[in-house]
Amino acid sequence: MFCFFEERFLRANDRAFNLTFNYADNSIKTSKYNILTFLPLNLFEQLQRLANVYFCFLFVLQLIPQVSSLSWFTTAVPLTLVLGITAVKDAADDINRHKNDKQVNNREVDVVKKEKWKNVKVGDIIRLENNEFVTADLLLLSSSEPLNLVYVETAELDGETNLKVRQALTVTGELGDNFEALTAFNGEVRCEPPNNRLDKFKGTLTFNGQSYALDNDKVLLRGCTIRNTEWCYGLVIFGGADTKLMQNSGKSIFKRTSIDHLMNVLVLCIFGFLASMCTVMAIGNAIWEAREGSSFLVFLPYEPGATAQLSSFLSFWSYVIVLNTVVPISLYVSVEIIRLGNSFFIDWDRKMYYPKSDTPAQARTTTLNEELGQIKYIFSDKTGTLTQNIMTFNKCSINGRNYGELFDFSGQRVEITDKSERVDFSWNKLADPKFVFHDHSLVETVRGGSPEAQEFFRLLALCHTVMPEEKNPGDLYYQAQSPDEGALVTAARNFGFVFLSRTPETITVVEMGQHITYELIAVLDFNNVRKRMSVVVRNPEGKTCLYCKGADTIIYERLHPSCKKLMEVTTQHLNEYAGDGLRTLVLAYKELDKEYLEDWRGRHHEASIAMDGREEMLDQLYEEIEKDLMLLGASAVEDKLQDGVPQTIEQLAKADIKIWVLTGDKQETAENIGYSCNMLREEMKDIFIVAGNTTEEVRQELERKMCPDAPDKPVLNKSRAGLLWLQTTQNVPDDKVDGEYGLIINGHSLAYALEKDLRLELLRTACMCQTVICCRVTPLQKAQVVQLIKKYKQAVTLAIGDGANDVSMIKAAHIGVGISGQEGMQAVLSSDFSFAQFRYLQRLLLVHGRWSYLRMCKFLQYFFYKNFTFTFVHFWYAFFCGFSAQLCLDTHYWTAVNQFFLWGSLAAYFAISFTMYSNGMFLIFTSAFPFIGTARNSLNQPNVWLTILLTILLCILPVVAVRFIFKQLWPTINDKVRESKLKALPAPVPRRPPPRRISTRRSGYAFSHSQGYGDLVTSKWVLLKRKSRPPLFTKNTDSPLAQNQPQFYRTITEENEEAQSP
């Protein structure tokens, strides 16, 4: 029984009762905002950029008349545009997430009547049909298949595309498809609370006064797909956010690059520098007022209550405004434009385009490009990411003889290529035409009547859980729980032992043209502890055999002593197969006595229906019968890697990037892929396997002395970092080791290793290893491993995967990459970058990542240099204007500088582009400049120039229109003075008493120009429209000159008019 506070209690077909517990409904939510929270949350995220906070503060200062000489909208309008552009982009992304949620929540399912998924409640009984997605976490009640079996595909949960079997209880299976019986069903379920364990479920069903044990085999999880099952019924146990799929989905986080953090620190330092300059100016003003200010009191007296001290204080804030160009508001917008351009380079890269599926690379976010050049750790899924998930039967060892290799007349081994002669299987009408094998001697041995060879393939045709499907007459298709099982059954099919059909009690096989039906007595299924599978069958003659296949170490322990010599030869063959990176299984059989079998069957039935200790009792029976086996041989299957995977991993390793493989596959599968990818090598000093079942066992296996000088406990260094150094960081330093090591850890042990007491030991041991492979891990464990590295290594991480089980890992890493492969688009939709093949990761990191980082660094250097230079001019001018906060450079100068950089950059860009794509450069550097005349030909097109003209007009017209409207409706004093000046000559200066002294409490900026329009200097109207320019000028070029982005802001100049002194 479960503790009351930790269990879930529900009753079938009783919504009123279940609603009293306030269980989650079946709707899901992956979006970040809603109508009410969008504005505050988005502003909060944007104000994490310190410059935005600074400009908000500057805006407040400009609202104070005694300090500012500029109108408040000169900062408010550009700041609003900057925040608005980012908000619109974030809103568009979140709207897409809302659409996806709405699409899923509005799917329909049968709950007595048609209901939308979001309206399904805990306790409802729903009907599912073939190829439909499972709506929620369900208790399977009944199905159309014999023995109430249901076949499900779990690709979205664990990444495996193979089928798995679920079976309903017999007592609920009797409900069948009877609508009245199903609606009258009132069983009560007590089970564990919502959790993220995909492989565990505990509960009890109470029905008609009897209690029945529930385990993971009785449950259908949300995210699975029904296969090969006409219909089935299930009772909703968990819905929506409580389902195991959603429990394993990580939360969306606001990802920021190291450049963003660095810019925050730089901006903070610049703030300090700005405050220092303003302090110097304020002190200078106080000194000047005390020594020289009295000379001006005659015609510029103080206002009532004003003093030199107050004037100095106000001049400090005036200089904050005057010198604000040291951190211009266009900084972050310019950075975003450069990032947008870098994203275009990724989207346009033909070397990352996969023609077979017509899939280009895609930068799904524009804010993380330069972070690609700083990756230290890569966390990769295996199935579908490193591999194609396609298995082929390559070699085998039968009765001590090796098959699958080719030799010439001299006995020398010949390499097998695509041109090598294939075995002709035309004699077998049921052979798979796609199967390829090159060793003719194996066919001759089988057809020659070798009993060992025929028993070998008979075992492969019988010992499995594959489901056959005949799509067309004579066209067999196998649905296998694992791809290697499908490959082995297909091999047996081609060599004359065709698995044709099965029922819960029989297996029908075509053996060398003869139909034979075997009675299926028992299936001893595979699991992580047994590492083997057996079937007990009886042929039509009454002969009973046990056929077994499994890992070599497990099978060898159960062989008959007479097999010792054959075992030694087979072991040599297995070592050769392992050296080639093939997945191996050892095959054995045993003839059973009829009397012993009947006794064993009785005990097996009793154990299978036991309520307590069922698994332990069955394990004992399996151990008893799987003894004194006779060895047949071994099989070798190749899991084909994607093209270029070993080379990509090798290049990334040379860049000092560590790759960890996090997979839901079996340990043997992951280990073999490690060897195939050259991540695990025979020359490694040692490969550690952590498979402990308790905390203490895992601790002992992790405490490896790879470094004799290392301390007994991991060292944890603490330091200060972040903005204002308020953040405490923890770092576990790397220990130096001699030689290369590998680490393999399974999911059960990883759960203990990720606990608080062991996580640092896991981190230290893993980081001392060259290769780390985590197998049988859940999606949440993948995210936890990523977070462990982020927290204690302070390194930039990247996660790459292709299935829904990789989503949490992709969200947890600094950068997520989705592979658009065979497992849907869930990983792609949650990723920051996507492409079709793992090998493209090399170009993404080592080319685009590095170039984006260099471009950004060069831009920031230039940008801060330019603005510091301009600001220092005003700083030094203060010593000549009495520290009155006046500008020495008028707007004409600053406009000219901006125009020079704008048009000069464009002119230089076109000049260099024409030069790079000229005939001369092509003749000198043919391989480096193959696109001869590209720029010239594109600019010869009239539509290109029309687009340029329209873009310029769209950029200029809004600014001119706003300027005209403001001038007509709200003219400034300068506008009125200029208008009156045009009508009449200026009058002579009248003699009158001196006016009140304004001094430096107000900046002289307002009176040194015709109109000090800061909003025009920092206007973002042009910047908004100019986003369409990069495609025009960089459409057909990969030139590195594209990093020289012009300044995307402009000013509209007007006649400069000095203020007339009375």
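Note that the structure is predicted; figures quoted are calculated from it, not measured.

1. Thoughts on a nonpolar patch on the surface
- A cluster of nonpolar side chains, Val962, Phe964, Ile965, Phe966, Leu969 and Trp970, forms an exposed patch at the surface whose accessible area comes to about 610 Å².
- Take Trp970: it is sitting in the loop between helix 31 (942-969) and helix 32 (973-983).

2. Side note on unusual backbone geometry
- In this structure, Asn131 takes a positive phi of about 70° despite not being glycine.
- Position of Asn131 relative to the elements: it lies in the loop between strand 4 (125-129) and strand 5 (137-143).
- We classify Asn131 as partly exposed; its relative accessible area is 45%.
- One non-glycine residue, Asn399, adopts positive backbone phi at about 55°.
- In this structure, Asn399 sits in the loop between strand 16 (387-398) and strand 17 (401-403).

3. Looking at the sheet that holds strand 7 (residues 163-167)
- Strand order in the open sheet formed by three strands is 7-6-12, and the pairing between neighbours is antiparallel. The open sheet terminates on both sides in strands that have one partner only, identified here as strand 7 and strand 12 (225-227). Between one strand axis and the next, the sheet turns by 45° as a mean value, whatever way the strands run.
- Where strand 6 (residues 149-153) meets strand 12, three bridges bridge the pair, whose relative direction is antiparallel. Note that in strand 12 the partner of Val152 across the bridge is Ile226.

4. Considering the packing of helix 17 (residues 594-608) against helix 18 (residues 614-625)
- Running from N to C, helix 17 and helix 18 cross one another at 165°; their axes reach a closest spacing of 9 Å. As summarised for this structure, helix 17 and helix 18 are arranged roughly antiparallel, according to the angle between their axes. Relative to helix 18, helix 17 is oriented so that their crossing is left-handed. Taking contact as the criterion, the partners of Tyr596, Trp600, Arg603, His604, Ala607 and Ser608 in helix 17 are, on helix 18, Arg614, Met617, Leu618, Leu621, Tyr622, Glu624 and Ile625.
- Grouping the constituent residues of the contact of helix 17 with helix 18 by class yields eight nonpolar, two polar and three charged.

5. So, the packing of aromatic side chains
- Applying the stated criterion across every chain yields a total of 36 aromatic pairs.
- On the basis of an interplanar angle of 85° and a centroid distance of 6.1 Å, the ring pair of Phe872 and Phe875 is categorised as edge-to-face. Of the two residues, Phe872 and Phe875 both sit in helix 27 (residues 840-877), three residues apart, roughly one turn of that helix.
- Using a relative accessible area of 27% as the deciding quantity, one classes Phe872 as partly exposed.
- Note on Phe875: relative accessible area 9%, which makes it buried.
- The lysine or arginine in question, Arg447, covers the ring of Trp427, its NZ or CZ lying 4.5 Å from the ring centre.
- Across the ring face of Phe863, the terminal group of Lys866 is positioned such that the distance to the ring centre comes to 5.5 Å.

6. Let's talk about helix 11 (residues 330-347)
- Taking 1.5 Å per residue, 18 residues should reach 26 Å; helix 11 reaches 26 Å between its end C-alpha atoms and fits that length.
- Judged by how many residues are buried, helix 11 sits mostly within the fold: 17 of 18 residues are covered.

7. Section: the pairing of strand 26 (residues 544-550)
- Buried residues dominate strand 26, accounting for seven of its seven residues.
- Alternating positions in strand 26 separate into two faces, Thr544, Leu546, Cys548 and Gly550 on one and Cys545, Tyr547 and Lys549 on the other, with burial throughout.
- In the sheet, strand 25 (residues 532-538) pairs with strand 26 via seven bridges, with the strands oriented antiparallel. Across the sheet, Met533 pairs through a bridge with Lys549, a residue of strand 26.
- From the end of strand 25 to the start of strand 26, which pair antiparallel, there are five residues, and Gly542 there has a positive phi angle of about 95°.
- Relative to strand 27 (residues 583-591), strand 26 is paired through six bridges, and the arrangement is antiparallel. From the neighbouring strand, Cys548 faces strand 27, where its bridge partner is Ala588.

8. Some points on the confidence of the model for the protein
- Residues with a pLDDT of 70 or more make up 81% of the protein, whose mean pLDDT is 79.
- The lowest-confidence element of the protein is helix 33 (residues 1014-1017), averaging 33 in pLDDT; the highest-confidence one is helix 13 (residues 451-462), averaging 94.
- Ignoring residues within four places in sequence, the model shows residues 985-1062, a span with pLDDT below 50, making 199 contacts including any to other chains.

9. Examining the pattern of salt bridges
- Inspection of every chain in the model, using the stated rule, returns 33 salt bridges.
- Between Asp124 and Arg15 there is a salt bridge, with its nearest N and O atoms 2.6 Å apart. Highlighted residues: Asp124 in the loop between strand 3 (113-116) and strand 4 and Arg15 in helix 1 (residues 15-19), separated in sequence by 109 residues.

10. A word on the side chain of Thr135
- Mapped onto the elements of the fold, Thr135 is located in the loop between strand 4 and strand 5.
- Relative accessible area serves as the criterion here: at 0%, Thr135 is assigned to the buried category.
- Excluding anything up to four places from it in sequence, Thr135 contacts Asn26, Val109, Trp117, Val120, Ile126, Leu128 and Arg222.

11. Side note on the side chain of Ser143
- When you line up the elements, Ser143 lands in strand 5.
- A relative accessible area of 6% means that Ser143 is categorised as buried.
- A polar atom in the side chain of Ser143 sits 2.7 Å from the backbone oxygen of Leu149.
- Here Ser143 is in contact with Asn148, Leu149, Val150, Thr229, Trp231 and Cys232, once residues within four sequence places are set aside.

12. Notes on the UniProt feature "transmembrane region" (unreviewed entry) in the protein
- As recorded in UniProt, the sites labelled "transmembrane region" (unreviewed entry) are residues 265-288, 308-333, 863-887, 907-932 and 944-966.
- Between the end C-alpha atoms of residues 265-288 the distance is 34 Å, and the span holds 100% helix and 0% strand.
- Taken end to end, residues 863-887 has its terminal C-alpha atoms 21 Å apart, with 60% of it in helix and 0% in strand.

13. A word on the environment of Phe901
- For Phe901, the position within the fold is in helix 28 (residues 891-916).
- If we ignore the near neighbours within four places in the chain, the residues touching Phe901 are Tyr862 and Lys866.

14. Looking at the sheet that holds strand 8 (residues 188-191)
- With antiparallel pairing, the four strands of this open sheet are ordered in space as 1-8-9-10. In the strand order of this sheet, the two ends are held by strand 1 (8-11) and strand 10 (210-214), each with one partner. Ignoring strand direction, the axes of neighbouring strands in this sheet form an average angle of 20°.
- As paired elements, strand 1 and strand 8 share four bridges and run antiparallel to each other. Counterpart to Leu10 in the pairing with strand 8 is Val189.

15. A look at the packing of helix 11 against helix 27
- Following both chains from N to C, one finds helix 11 and helix 27 inclined at 155°, their axes separated by 11 Å at the closest point. With respect to helix 27, the axis of helix 11 lies roughly antiparallel. Helix 27 is crossed by helix 11, and the crossing has right-handed handedness. On helix 27, the residues that touch Ser330, Leu331, Ser334, Val335, Ile338, Arg339, Asn342, Phe345 and Ile346 of helix 11 are Leu844, His848, Ser852, Arg855, Met856, Phe859, Leu860, Phe863 and Phe864.

Thresholds applied
Residues numbered from 1 in each chain as written. Predicted model: local features only at pLDDT ≥ 70, side-chain atom pairs only at ≥ 80, totals over all residues. Heavy atoms only, no water. Patch = residues over 30% accessible without salt bridge, like charges linked within 9 Å, V, L, I, M, F, W, Y side chains within 5 Å. Areas by Shrake-Rupley, 256 points an atom, 1.4 Å probe, with all protein chains shown as cover. Salt bridge = Lys/Arg side-chain N within 4 Å of Asp/Glu carboxyl O. Helix = DSSP H or I, 4+ residues; strand = E, 2+ residues; numbered from the N terminus. Buried < 20%, exposed > 50% of the residue type's maximum accessible area, 1.4 Å probe, protein only. Pairing = 2+ DSSP bridges. Axes fitted to C-alpha atoms, helices over the stretch in contact; angles between N-to-C directions. Parallel < 35°, antiparallel > 145°, perpendicular 65-115°, else oblique. Left-handed = near helix turned anticlockwise from the far one by under 90°. Contact = heavy atoms within 4.5 Å. Nonpolar A, V, L, I, M, F, W, Y, C, P; charged D, E, K, R; others polar. Phe/Tyr/Trp six-rings, centres within 6.5 Å; stacked < 30°, edge-to-face > 60°. Lys NZ or Arg CZ within 6 Å of the ring centre and 35° of its normal. Expected span 1.5 Å × (residues − 1). pLDDT = per-residue confidence, 0-100. Polar contact = N/O pair within 3.5 Å; in protein donor to acceptor, adjacent residues only side chain to side chain. UniProt positions renumbered as here; feature names shortened; annotations may be inferred.

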